[in-house]
Every structure is written in structure tokens, then in C-alpha cells.
Amino acid sequence: MNEIWIEKFRPSTFKEVVGQDKIVQRIKAFVEQKNLPNILFSGPAGCGKTSLILVAVQELYGKSWRENVLETNASMDRGIQIVREDIKNFSRTMPLSNAPFKIVILDEADALTREAQQALRRTMEQYSSNVRFCLIANFSSKLIDPIQSRCTIFRFKPLEKKDIEKIIENVAKIEGLKVDKEAIDALYELSEGDVRRVENVLQSCSVISKKITQDLIYDIVSAAKPKEIKQVLELCINKNFIRARDLLLEVMLKHGLSGIDIIKQIQKEILSLDIKDEKKLEMVERCGEIEFRLVEGSDEFIQIESLLANFSK
């Protein structure tokens, strides 16, 4: 009853994995042949990278998978010691239960220091006969080329809307939720293909009500509704700067939004405005400039006002 939904609804078989169909097919074929190469899963958060490799090792080893798998997170242990000690000690021993090889799952591998990556490269070479490595990273470019060349790379993408809808329907059916179409659209827009975010938001909403609506979702995630941001932009286009500024301040205070949050939502809504494409380009370019200033530590209210003033001109 108190279980976290992202773990409760984590797939346990290949059939339960939603999205990434071609990648799932190839990994399933490797497992069936019991011939898994060193692999690198690269892609954004919440798109199924860790879930897929956990399904693969459970299918490969059955109940003894924990004895044959070392799972570690490089975002916590990112130095060279994790490679020299934990990974190397695990790699030295032979696999158990007549397994063809052992597997090291290194999550957040792009957080490893350069020295740790050099040590890992050597370990991958030295113990290739009895260990396979699965590296999971958000950005494969942060891994050195020698490691990338030793791996078969699978690039994950954010889940499509139909996949997110399928997951929402499954969760709603099991948990007895009623999710309307507007709420599904809102979940997809806010999650940007991140399943973990979808399930976390649904679990948070379910505590308040079994009927999940668009309004409830935006209240839970503290995000402005697209129509609120669009209204601000339309006021700017009509040169009503003061009203646009007051409305945006009201939205930011009501939802507790930071300047960065607002900039990201403004940038999305610009594309839906009924203006010439050249004007949209100028507005998006201005958003990028303001976002950089905010990251550098500028006062967010002054910068947001500057952005609205520029749009009004």
C-alpha cells in the first residue's frame, strides 16, 4: 500500500517493457543466445534504460541473478576507487550457477571521473572472458572514446505519447484511478517522455483524489497552465506590458515558480502563437539569452521583466 509506484510498476519481463521496441528486440535476442556484449545505454532520464537491463539479467540468470550481477551508481561512487576495488574484485571471480558470464551494471556512468574511466577501460579488457559491462548514461559524449568503442551503443529516446498513455491506463486500472483525456495530455506535456515523472505525479495526485484532472496535476507539480503563459505572451504582443507583467508575477507566485521554470514554459508557448515565424525566432533567441543570465545569477524578476518588455516592443 505504501510502495513507491516507480518500483511497483517497474517491468519484470520483456513483454512488460513499453516503448523502445527495436532496442528491446535486440537485447531479448542477445539474452536468448546467452551472448551479451558490453553495452552502453544512452538517453534521457526515465525512458527505461535501467529497467531494461534489470529485465535482461533476470531473464538471463533467473532467481540467481543477484549473485551474478554487480549494480552500482557512479553518481555516488565516481572516483577511481570504485573501479579499483568493487568492480575489479567482482570481476576477478568466476560466475555462479553455470552462468556464461557475470554482469556489471554501472548506472550514471557519465559521472565517472576521467581517471576512473581510464581504469574502467583496462578492467573491461582484462576480464572480458567472464564479465560483461552495461554502462548507463544520460550523455554518452561524456564517456571517453576507448570505452564507447568497446560497447554496443543503444540510444534511447523519450517515450512517445501513445506509450505514455498505455502506462497511464495500466496504472489507472490497477490503482482504481479515473484519468480524463485533458489530464493525460497534461501528464505527457509535463513529463516530456519521462515515465518516472508520470508515475510520481499520478501517485501524488491519487493521495488527494481518485479522479485525476488537469487542474489537480498542475496544482501538484506547481506548473503554470499553458493557457496562462499564452495569455501573458498575447498581452505582450498587444503591447500591454504592465498587464502582462502583473499577470506573470501572479502566476509565478501562485505556482511558486522560479525564473528558469517560467522561461522554459514561455519558450514552449511561443511556438503556438499566431505570429510570423521570424518574430517567433527572435522571441526564442531572447529566451535563450535571458536563461543564460539567470543561470549566471542575475535577478530573475528584472530579467523576466526585461524579456516581457522586449516582447512588447
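Just above sits the structure.
Residues numbered from 1 in each chain as written. Predicted model: local features only at pLDDT ≥ 70, side-chain atom pairs only at ≥ 80, totals over all residues. Heavy atoms only, no water.

*Asks:* Can you walk me through a negative patch on the surface in this structure?
*Replies:* Taken together, the side chains of Asp277, Glu278, Glu282 and Glu285 present a region of like negative charge at the surface. With respect to the secondary-structure elements, Asp277 resides in helix 15 (residues 277-295). (Patch = residues over 30% accessible without salt bridge, like charges linked within 9 Å, V, L, I, M, F, W, Y side chains within 5 Å. Areas by Shrake-Rupley, 256 points an atom, 1.4 Å probe, with all protein chains shown as cover. Salt bridge = Lys/Arg side-chain N within 4 Å of Asp/Glu carboxyl O. Lys, Arg positive; Asp, Glu negative; His and termini not counted. Charge placed at Lys NZ, Arg CZ, Asp CG, Glu CD. Helix = DSSP H or I, 4+ residues; strand = E, 2+ residues; numbered from the N terminus.)

*Asks:* Would you mind going over the pattern of salt bridges with me for this structure?
*Replies:* Oppositely charged side chains can pair when the atoms bearing their charge come close. Applying the stated rule across the entire model yields 14 salt bridges. Here Asp163 and Lys162 are joined by a salt bridge, their closest N and O atoms 3.6 Å apart. Taking the relative accessible area as the measure of exposure, Lys162 reaches 52% and is therefore exposed. Between Lys181 and Asp185 there is a salt bridge, and its shortest N-O distance comes to 3.5 Å. Taken as a pair, Lys181 and Asp185 lie in helix 9 (residues 181-191) at a separation of four residues, close to a single helical turn. Taken together, the shared-partner salt bridges in this structure form one network comprising Lys157, Glu160, Lys162 and Asp163. (Buried < 20%, exposed > 50% of the residue type's maximum accessible area, 1.4 Å probe, protein only.)

*Asks:* Please explain the packing of aromatic side chains as it appears in this structure.
*Replies:* Each aromatic ring pair is characterised by the separation of its centres together with the angle its planes make. Evaluation of the coordinates by the stated rule reveals three aromatic pairs. Ring geometry for Phe41 and Phe154: centres 5.8 Å apart, planes at 80°, overall edge-to-face. Taken together, the residues Phe41 in strand 1 (residues 39-42) and Phe154 in strand 5 (residues 152-155) connect sequence positions 113 residues apart. A residue is classified by how much of its surface remains accessible, and Phe154, at 2% relative accessible area, is buried. The positively charged end of Arg132 is found above the aromatic ring belonging to Phe101, 4.6 Å away from the centroid. (Phe/Tyr/Trp six-rings, centres within 6.5 Å; stacked < 30°, edge-to-face > 60°. Lys NZ or Arg CZ within 6 Å of the ring centre and 35° of its normal.)

*Asks:* Can you walk me through the packing of helix 13 (residues 241-255) against helix 16 (residues 300-312) in this structure?
*Replies:* Relative orientation and spacing of two packed helices are given, respectively, by the angle between their axes and the distance between those axes. Two elements in contact, helix 13 and helix 16, have axes whose closest approach is 10 Å; the angle formed by their N-to-C orientations is 140°. With respect to their mutual orientation, helix 13 and helix 16 come out oblique. The hand of the helix 13/helix 16 crossing is right-handed. Across the interface between the two elements, Phe241, Ala244, Arg245, Leu248, Leu249 and Met252 from helix 13 touch Glu300, Phe301, Ile304, Glu305, Leu308, Ala309 and Ser312 from helix 16. (Axes fitted to C-alpha atoms, helices over the stretch in contact; angles between N-to-C directions. Parallel < 35°, antiparallel > 145°, perpendicular 65-115°, else oblique. Left-handed = near helix turned anticlockwise from the far one by under 90°. Contact = heavy atoms within 4.5 Å.)

*Asks:* Mind showing me how you'd approach helix 12 (residues 226-237) here?
*Replies:* Helical periodicity: at 3.6 residues per turn, an α-helix aligns residues three or four positions apart in one direction. Taking 1.5 Å per residue, twelve residues should reach 16 Å; helix 12 reaches 16 Å between its end C-alpha atoms and fits that length. Every buried residue belonging to helix 12 is among Glu228, Ile229, Val232, Leu233, Leu235 and Cys236, and all of these are buried. Viewed end-on, helix 12 has its buried residues packed into an arc of 155°, placing them on one side of the element. On its buried face, helix 12 sits against helix 13, helix 14 (259-270), helix 15 and helix 16. (Expected span 1.5 Å × (residues − 1). Arc of directions from axis to C-beta.)

*Asks:* Mind showing me how you'd approach the sheet that holds strand 4 (residues 131-137) here?
*Replies:* In a beta sheet, neighbouring strands pair by backbone hydrogen bonds and run either parallel or antiparallel. Read across the open sheet, the five strands follow the order 2-3-4-1-5; overall the sheet is parallel. Lying at the two open borders of the sheet, with one neighbouring strand each, are strand 2 (69-73) and strand 5. On average, each strand axis in the sheet is inclined to that of its neighbour by 15°, with strand direction left out of account. Packed on one face of the sheet, helix 2 (residues 21-32) meets strand 1 and strand 5 and runs near 145° to strand 5. (Pairing = 2+ DSSP bridges.)

*Asks:* I keep staring at the packing of helix 12 against helix 13 and nothing clicks. Help me out?
*Replies:* Across the interface, helix 12 lies against helix 13 with an axial gap of 8 Å and an inter-helix angle of 160°. Judged on the interaxial angle alone, helix 13 and helix 12 are roughly antiparallel. Handedness of the crossing formed by helix 12 with helix 13: left-handed. When helix 12 is examined against helix 13, the residues Glu228, Ile229, Gln231, Val232, Leu235 and Cys236 are found in contact with a partner set consisting of Arg243, Ala244, Leu247, Leu248, Val251, Lys254 and His255. Looking at the contact of helix 12 with helix 13 residue by residue, the classes come out as eight nonpolar, two polar and three charged. (Nonpolar A, V, L, I, M, F, W, Y, C, P; charged D, E, K, R; others polar.)

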